[in-house]
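As a plain string of letters, each chain reads:
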Amino acid sequence: MNKHFFLAKPVDMSTGFKDFFDTIGLTGAGLVTKGIAAVIAVIALLMLMHTPNDPKGALRKGSMAVGTLFVAVVLAIYGDTLFSTVTQAKG
């Protein structure tokens, strides 16, 4: 039986954060986009937890919270693609 059992191949991380972001599949802009989406999602969940007791106000605030959560999910999934079109200017 083999004495050495490796779960993953070794990765050279001598250039620092660039190698780390390449291994997880994110760039610096992608990481910022995911962070912004996470903050918006937390705000939406807080909005959902603080709905008022009256039905009309709860429906209004709840639908705003669900819409905000939808924006956060879309930003988390497609944010790097959306913002990459803005930052790649042709000149």
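In this text the structure is predicted, and so the values were computed from the model without any measurement.

Criteria and cut-off values
- Residues numbered from 1 in each chain as written.
- Predicted model: local features only at pLDDT ≥ 70, side-chain atom pairs only at ≥ 80, totals over all residues.
- Heavy atoms only, no water.
- Helix = DSSP H or I, 4+ residues; strand = E, 2+ residues; numbered from the N terminus.
- Buried < 20%, exposed > 50% of the residue type's maximum accessible area, 1.4 Å probe, protein only.
- Contact = heavy atoms within 4.5 Å.
- Areas by Shrake-Rupley, 256 points an atom, 1.4 Å probe, with all protein chains shown as cover.
- pLDDT = per-residue confidence, 0-100.

### Considering the overall build of the protein chain
- Assigned secondary structure in the protein chain consists of three helices and zero strands.
- Per-residue burial for the protein chain yields a buried fraction of 14% across its 91 residues.
- Within the protein chain, counting contacts between residues at least 6 apart in sequence, those at least 24 apart form 47% of the total.
- Roughly 7600 Å² of accessible area belongs to the protein chain as shown, and the carbon and sulfur atoms make up 71% of that amount.

### Describing the environment of D80
- Examined against the element boundaries, D80 turns out to sit in helix α3 (residues 55-87).
- Among the residues examined, D80 registers a relative accessible area of 36% and is labelled partly exposed.
- Along the primary structure D80 and K34 are separated by 46 residues, whereas in three dimensions their C-alpha atoms are 8.4 Å apart.

### Focus on the confidence of the model for the protein chain
- In this model, the protein chain carries a mean pLDDT of 78, and residues with pLDDT of at least 70 account for 69%.
- Per-residue pLDDT, averaged within each element of the protein chain, yields its smallest value for helix α1 (residues 17-24) (65) and its largest for helix α2 (residues 28-49) (84).

### Considerations on the environment of A37
- Looking at the secondary structure, you find A37 in helix α2.
- Given the relative accessible area of 4%, A37 is considered buried.
- For the pair A37 and V74, spaced 37 residues apart in sequence, the C-alpha to C-alpha distance is 8.4 Å.
- Discounting chain neighbours no more than four positions away, the residues touching A37 are A72, L75 and A76.

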